[in-house]
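# Overview (structure and organization)
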Amino acid sequence: MAQPVQGQPNVQRPMLAPQTDPVMQARIEADFKPVYLAVGGPGHAFAFCQPHKVEKCDMCKLDFTALNRISKIFITNPNLRCPPPPTVLQQKLSQAVTNTKEEGNTLYKHNKHREALAKYNMAANIAVQRPPWESSALFREELSTVISNRSAALFELGDYLGALVDAETVVSIRRNWPKGHFRKAKALVGLRRLPEAEQSVSLGLQFEPNNTLQGGASKTHANTEGE
Ligand SMILES: [Zn+2]
């Protein structure tokens, strides 16, 4: 058995804390705001606001949605020791989104709008499974394309309000994509909210300077082309 050498007691040295920059530390302290959270939910790993026990609370101005989403991923994948780097993408997931969406597009082109809608719902459910540490740009692109097509299907089914809600989602996650604005304009026309429709068209045109007004909201041909 090895004996500790005299003068060098066999004790673990405490980990040296990294040198702190006092100015940086002061800034961190100045920004520090205590958050009153409660934990619970699946695996005691979900955060809630303390007074109201909700994940997203307007009164407390707290939103633990993203945190709990990551938490859930770790709970459901116990073998995942740490998130892979953000450059690692799940190609299978992209393929599944594309395939399901294209099945929807085929149905859409055959005027089977209700069946197409079901496929777009499915594709959206797949798209949102992308873990939050993977590329958010890809996530937004995939999801917005599917939701945009779903907006078109809802429009064809006469659900203009549903079409509008979807179009607004598209615009919110992919603002510089003209199609979202034109979808929104179409839905607004369906709802007879013409001044707002006009605003959406002109906003959409800002992101697509070569487009003409005729090619935008007033035509129905552009529903699923190329997406
Ligand atoms: Zn609260």
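All of the points below concern the structure found in this document. (Residues numbered from 1 in each chain as written. Predicted model: local features only at pLDDT ≥ 70, side-chain atom pairs only at ≥ 80, totals over all residues.)

## Regarding the overall build of the chain
Counting its secondary structure elements, the chain contains eight helices and four strands. Sequence-ordered secondary structure for the chain, helices as α and strands as β, is α-β-β-β-β-α-α-α-α-α-α-α. Taking all 227 residues of the chain together, the buried fraction comes to 27%. Counting only contacts in the chain whose residues sit at least 6 apart along the sequence, the fraction spanning at least 24 positions is 49%. (Helix = DSSP H or I, 4+ residues; strand = E, 2+ residues; numbered from the N terminus. Buried ≥ 20, exposed ≤ 12 C-beta atoms within 10 Å, placed from the backbone. Contact = placed C-beta atoms within 7 Å.)

## Notes on the packing of helix α3 (residues 91-109) against helix α4 (residues 113-127)
Following both chains from N to C, one finds α3 and α4 inclined at 170°, their axes separated by 8 Å at the closest point. As summarised for this structure, α3 and α4 are arranged roughly antiparallel, according to the angle between their axes. For the pair formed by α3 and α4, the contact residues are Leu-93, Ala-96, Val-97, Thr-100, Lys-101, Glu-103, Gly-104, Leu-107 and Tyr-108 on the first element and His-113, Glu-115, Ala-116, Lys-119, Tyr-120, Met-122, Ala-123, Ile-126 and Ala-127 on the second. (Axes fitted to C-alpha atoms, helices over the stretch in contact; angles between N-to-C directions. Parallel < 35°, antiparallel > 145°, perpendicular 65-115°, else oblique.)

## Regarding the packing of helix α6 (residues 160-173) against helix α7 (residues 178-190)
Relative to each other, α6 and α7 sit at 160°, their axes nearing to 8 Å. With respect to α7, the axis of α6 lies roughly antiparallel. With respect to the hand of their crossing, α6 and α7 are arranged in left-handed fashion. Contact residues: Tyr-160, Ala-163, Leu-164, Ala-167, Glu-168, Val-170 and Val-171 in α6; Gly-180, His-181, Arg-183, Lys-184, Ala-187, Leu-188 and Gly-190 in α7. (Left-handed = near helix turned anticlockwise from the far one by under 90°.)

## A closer look at the environment of Val-171
If you trace the backbone, Val-171 turns up in helix α6. It is 9.7 Å that separates the C-alpha atoms of Val-171 and Phe-182, two residues lying 11 residues apart in sequence. Beyond its immediate chain neighbours, meaning those up to four positions away, Val-171 contacts Gly-180, His-181 and Lys-184.

## What about the nonpolar core?
Within the largest apolar cluster, 29 residues are counted, with the highest numbers of intra-cluster contacts made by Tyr-120, Ala-123, Ala-124, Ala-127, Val-146 and Ala-153. Elements supplying a minimum of two residues to this core: α3, α4, α5 (136-156), α6, α7 and α8 (194-206). Element by element, the count of residues in this core is highest for α5, at eight residues. Excluding anything up to four places from it in sequence, Val-146 contacts Val-97, Lys-101, Tyr-120, Ala-123, Ala-124 and Ala-127. (Core = buried A, V, L, I, M, F, W, Y, C linked by C-beta atoms within 7 Å.)

All quantities given are derived from atomic positions and should not be read as evidence of function.
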